[in-house]
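Letter by letter, the chains look like this.
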Amino acid sequence: MKSDQIDTEVILQFLDFLKEGVIVVDENQNIEYMNAYAKDILKNDIEGIDPLGKHFSEVIKNNYLYSIISYKNKRDFKEEITINDDIFLIRMYHINNKKVLHFQDITLFEIYKQAKKDFVSNVSHELKTPIAVMKGIVETLEQEEDVQTIRKFLNMAKKRIDQMDSLINDLLILAKLESKEEKLNITKADLSRIVNSIFNDLEHISKEKNIKLINDIPEGFLIDVDQKKFDILLKNLIENAIKYNKPEGSVTVSAERKDGEILINVTDTGIGIPKESQPLIFERFYRVDKSRSRNVGGTGLGLSIVKHIAEAHNGKVEVKSEPNVGSTFTVRIPERKDG
């Protein structure tokens with residue numbers, strides 16, 4: 001008998017450690033047991049009262065949960081319900097004339113499912129436009145005989161193919177970053193040289209709008225990063241700073257060491273970002289001005305890739321911006337200590 005009591009105590013203690021809720025309602029509809037997690041879920045309902053021994057109607061205020069416990073049928077079942085903005089999978093079992101309710105928080109799973117659904121929808125939308133244009137081009141070429149017109153449409157087709165290729169490449173990069181399937185290859189990299197190389201790659205874009213590119217990073221400014229990934233990060237930021245700049249504007253890249261961190265700033269004199277949009281710009285496919293974004297090109301994934309690369313380096317990316325004045329994107333990464 002003593003052994004049984006010890007076992008019961010151990011089980012009850014174990015249930016209190018669970019990050020899942022358990023409630024037992026007896027044959028008289030009174031609450032016989034409620035573990036710590038369940039009490040936390042229902043803390044707004046049971047504040048100031050001891051729920052044990054009370055009829056469930058005195059404790060349960062959530063209408064859906066109330067109806068589940070009231071249900072007369074002795075069939076076991078499961079339902080999804082929302083309590084205080086969190087989503088729970090509730091399973092109810094009938095054991096010895098008692099009802100045992102098991103709560104499992106599936107909020108993050110539901111958010112993931114919705115994000116996955118939105119992602120597929122966004123990718124489909126982004127691919128639909130260039131594919132529709134390509135179809136129109138092919139149909140036109142089938143009937144066209146003029147060589148100059150054919151060349152014009154072939155150039156249009158090439159641009160759309162490049163657009164789809166960029167989107168697919170960015171999707172692959174983002175998928176690898178999110179899955180963390182690639183480990184970082186950390187080496188010492190000269191930040192000033194990386195920026196100069198990117199400036200050379202993007203010179204043809206900057207010349208179109210006469211944008212001045214300024215590398216304000218001292219020579220020999222070494223950082224410990226995955227150079228390949230960090231090159232992608234900086235190129236995305238600098239390319240955006242050029243594309244969303246004003247004619248005769250400038251893009252300045254600077255860096256400093258401060259309080260154990262390396263801060264890398266990409267500052268432009270461009271169109272800026274409205275305050276309400278700033279918390280959203282690192283989300284996949286988010287565009288502040290959709291029509292302008294499509295005119296300047298891009299896949300809508302660049303800043304999301306920047307965020308994930310910064311986070312892979314245990315860092316983060318921030319933005320300060322004022323419409324019609326410009327923006328500064330700051331990448332913060334912890335400075336590695338040798339040895």
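All of these numbers come straight from a predicted model, not from anything done at the bench.

With that settled, consider the overall build of the protein. Along the protein, the regular secondary structure elements total 12 helices and 12 strands. In the protein, buried positions account for 37% of the 339 residues. Here the protein displays about 20,600 Å² of accessible surface, and carbon together with sulfur accounts for 50% of that area.

Okay, the packing of helix 10 (residues 227-243) against helix 12 (residues 302-312) next. Put simply, helix 10 and helix 12 touch, their axes get as near as 9 Å, and they point 140° apart. For the pair helix 10 and helix 12, the crossing hand works out as left-handed. Judged by residue contacts, Lys229, Phe230, Ile232, Leu233, Asn236, Leu237 and Asn240 of helix 10 engage Gly302, Leu303, Ile305, Val306, Ile309 and Ala310 from helix 12.

Spatial strand order, 2-1-5-4-3: five strands in an open sheet with antiparallel pairing. Unpaired on one side and paired on the other, strand 2 (31-34) and strand 3 (77-83) mark the two borders of the sheet. In this sheet, adjacent strand axes meet at a mean angle of 20° when their direction is disregarded. Pairing between strand 1 (residues 21-25) and strand 5 (residues 98-105): five bridges, direction antiparallel. When the bridges of strand 5 are listed, Val22 appears paired with His102.

Glancing now at the confidence of the model for the protein. On average, residues of the protein score 83 in pLDDT, and 88% of them reach the 70 mark or higher. Predicted confidence in the protein is weakest over helix 11 (residues 290-296), with a mean pLDDT of 49, and strongest over strand 7 (residues 212-215), with 96.

It is worth spelling out the pairing of strand 2 at this point. When a strand is regular, its side chains alternate between the sheet's two faces. Where strand 1 meets strand 2, three bridges bridge the pair, whose relative direction is antiparallel. In the strand pairing of strand 2, Val24 is matched with Tyr33. Connecting the antiparallel pair strand 1 and strand 2 is a turn made up of five residues, with Gln29 showing a positive phi of about 70°.

What follows concerns the side chain of Thr330. Its location among the elements puts Thr330 in strand 12 (residues 326-334). Engagement of the side chain of Thr330 in a polar contact is seen with the side chain of Asn265, the distance being 2.6 Å. Residue contacts for Thr330: discarding those within four places in its chain leaves Leu263, Ile264, Asn265, Lys316, Val317 and Glu318.

On to the packing of aromatic side chains, then. For the coordinates displayed, the defined rule picks out three aromatic pairs. With a centroid separation of 5.0 Å and an interplanar angle of 50°, the aromatic rings of Phe56 and Tyr66 are classed as tilted. Remark: Tyr66 occurs in helix 5 (residues 63-70) and Phe56 occurs in helix 4 (residues 56-59); sequence separation between them is 10 residues. Across from the ring centre of Phe221, 4.3 Å away, lies the NZ or CZ of Arg257, which sits over that ring.

By the definition in use, this model includes 11 salt bridges. Across the salt bridge formed by Asp226 and Lys229, the nearest N and O atoms sit 3.5 Å from each other. With respect to class, Asp226 is no different from Lys229; both count as buried. The closest approach of N and O atoms between Glu239 and Lys243, which form a salt bridge, is 3.1 Å.

Another aspect to go through is the nonpolar core. Ranked by internal contacts, the top residues of the largest apolar core, which has 45 residues, are Leu234 and Ile264. With seven residues, helix 10 is the largest single contributor of residues to this core. Dropping the residues within four chain positions of it, Leu234 is found in contact with Leu191, Ile194, Val195, Ile198 and Ile264. Counting 23 residues, the second-largest nonpolar core is a separate cluster that includes Ile46, Leu65, Ile83 and Phe88.

Our next topic: unusual backbone geometry. Even without being glycine, Gln29 reaches a positive phi, approximately 70°. Inspection of the secondary structure puts Gln29 in the loop between strand 1 and strand 2. Given a relative accessible area of 18%, Gln29 falls into the buried group. With a phi angle near 65°, Asn97 is a residue other than glycine that sits in the positive phi range.

With mixed pairing, the five strands of this open sheet are ordered in space as 7-9-10-12-11. Since the sheet does not close on itself, it has two edges, and those belong to strand 7 and strand 11 (316-322), each with one partner. Direction aside, neighbouring strands of the sheet carry axes that sit 15° apart on average. With eight bridges connecting them, strand 9 (residues 250-258) and strand 10 (residues 261-268) associate as antiparallel partners. Each residue of the ladder has a partner; that of Ala255, found in strand 10, is Ile264.

Reading the values: rules and limits
Residues numbered from 1 in each chain as written. Predicted model: local features only at pLDDT ≥ 70, side-chain atom pairs only at ≥ 80, totals over all residues. Heavy atoms only, no water. Helix = DSSP H or I, 4+ residues; strand = E, 2+ residues; numbered from the N terminus. Buried < 20%, exposed > 50% of the residue type's maximum accessible area, 1.4 Å probe, protein only. Areas by Shrake-Rupley, 256 points an atom, 1.4 Å probe, with all protein chains shown as cover. Axes fitted to C-alpha atoms, helices over the stretch in contact; angles between N-to-C directions. Left-handed = near helix turned anticlockwise from the far one by under 90°. Contact = heavy atoms within 4.5 Å. Pairing = 2+ DSSP bridges. pLDDT = per-residue confidence, 0-100. Polar contact = N/O pair within 3.5 Å; in protein donor to acceptor, adjacent residues only side chain to side chain. Phe/Tyr/Trp six-rings, centres within 6.5 Å; stacked < 30°, edge-to-face > 60°. Lys NZ or Arg CZ within 6 Å of the ring centre and 35° of its normal. Salt bridge = Lys/Arg side-chain N within 4 Å of Asp/Glu carboxyl O. Core = buried A, V, L, I, M, F, W, Y, C linked by side-chain atoms within 4.5 Å.

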